[in-house]
Amino acid sequence: MSDLFEKRAMAVFTKVVLFTDTDGRARFREEALTLDQGSPQSMLSALFASGGYQLRTSPVGFRSEFHCSGYTQWVFILQGQMEIGLHDGVSRIFKPGEHFYSADLLPPEQIFDPAIHGHWSRQVGPDALVTLFVRG
Amino acid sequence: MKTHIDHLVVFARTLELGVQWCEATMGITPGPGGEHALYGTHNRLFKIATPAYPMAYLEIIAINPDAVRAVQAPQRRWFDMDDAALQAAVADAPRLVSFVVNTSDIQAARSALTAQGIDRGPVLQASRRTRRGLLQWQITVRADGQRLFDGALPTLIQWGKTDDAEPMRLHPRNSLPRSGVTLQGIAVTHPTAGKLQAAYEAIGLTGIAVESGPANICATLHTPKGVVKLDSCGL
């Protein structure tokens, strides 16, 4: 996870966000979270509210259909690898220590269309997937 | 006959959108490319070479809105770029649509495909000016512009002039800096996997896993944003 921090100032955390774009399609972007609290030896972000956490495991071979997240939530990969695929043919593989913040929610007053909305996920590699979800 | 992965082809609605997509998806800005007068297209390039794919680069290609096409220009552009369905698909986002393999004997490779009942198209002479000189190549392009096998049958290219002693001297890979993106593998699925595999073997192309399934080309890349996979999704 050390690559997520800028080495020069050690003051920024790069948050990978899976979000719903204005066209209803899921995309990735990066956001910089400033670690401007704490001390030089323990730089902290602001304290963010959260709504509980949940641990999950998925076996080798797991793969989902296109879906939207039910909540905004952090997903931290603890074991195995998780691939997140989008409608545009791009997918990213997240390894242990990596994360994304899932904000790919069904737009208000829209009916889920699997040809437009959502993302898919699957387990990758020889190890079962273990993740930590933190709602926020 | 030696055949290697030469480059991946990503079709973008405009080159500007292709650059933005590349920056957002892979975290790098592609290097400069050039213009193809014959087809009215232009491109941006970046190196993705590894020891397993020593010549590989990625091409983001788009129709050049400012190009003035010659009267004798082919009616259909290469890589199915005039196909309405393909254009509609890339209207949303650029997509991996095909790949190109370089060969030491393009005529022999083309003949090998012909023997398999596959018309890869005539061999065309092409060139563009670069800062290092005139870059020349021969490439197979069908008159109808079709890629074949949903893009999974590669276009053939042979760099340099036919009698060039150093045909790879001006290969784009040699003038592109390291991009931070590297090609880790290509996997293909196709409903006619057996025929496709036979075609690969006929041209001496190895190292690509071909399995039966819905048409797809999947390129796995290491990027500054982590592992990114590009799927053609049967386009």
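Please read these numbers as outputs of a predicted model, since none were measured by experiment.

Each value, and the rule that gives it
- Residues numbered from 1 in each chain as written.
- Chains lettered and ligands numbered in written order.
- Predicted model: local features only at pLDDT ≥ 70, side-chain atom pairs only at ≥ 80, totals over all residues.
- Contact = placed C-beta atoms within 7 Å.
- Helix = DSSP H or I, 4+ residues; strand = E, 2+ residues; numbered from the N terminus.
- Nonpolar A, V, L, I, M, F, W, Y, C, P; charged D, E, K, R; others polar.
- Buried ≥ 20, exposed ≤ 12 C-beta atoms within 10 Å, placed from the backbone.
- Pairing = 2+ DSSP bridges.
- Axes fitted to C-alpha atoms, helices over the stretch in contact; angles between N-to-C directions.

Caption draft 1: Local environment of the interface of chain B and chain A. Each partner contributes residues to the interface: chain B has 15 residues there, and chain A has 10 residues. For the side of chain B that touches chain A, the secondary structure elements donating two or more residues are helix 1 (15-26), strand 5 (95-103) and strand 12 (226-231) of chain B. Of the residues forming the side of chain B that touches chain A, the biggest block, six residues, is contributed by strand 12 of chain B. Looking at side-chain class alone, the side of chain B that touches chain A contains seven nonpolar, three polar and five charged residues.

Caption draft 2: Highlighting the environment of Ala 165 of chain B. All names here are of chain B. Its location among the elements puts Ala 165 in the loop between strand 8 (155-159) and helix 4 (172-175). By the C-beta count within 10 Å, which is 7 here, Ala 165 ends up exposed. Taking C-alpha positions, Ala 165 is 39 Å from Ala 215, a pair spaced 50 residues apart along the chain.

Caption draft 3: Molecular detail of unusual backbone geometry. Residue and element names in this part refer to chain B. In the Ramachandran plot, Leu 148 falls in the positive-phi region, its phi being about 80 degrees despite a non-glycine side chain. Take Leu 148: it is sitting in the loop between strand 7 (133-140) and strand 8. For Cys 233, which is not a glycine, the phi torsion comes out positive at approximately 55 degrees. Its location among the elements puts Cys 233 in the segment after strand 12.

Caption draft 4: Fine view of the sheet that holds strand 2 (residues 26-34) of chain A. Residue and element names in this part refer to chain A. Strands sit in the order 2-1-9-6-11-5 across an open sheet of six strands; the sheet is mixed. Two strands in the sheet have a free side with no partner beyond their single neighbour: strand 2 and strand 5 (53-58). On average, each strand axis in the sheet is tilted by 30 degrees relative to the strand beside it, whichever way the strands run. Bridge count between strand 5 and strand 11 (residues 129-135): six bridges; the pairing is antiparallel. Of the residues in strand 11, the one forming a bridge with Arg 56 is Thr 131.

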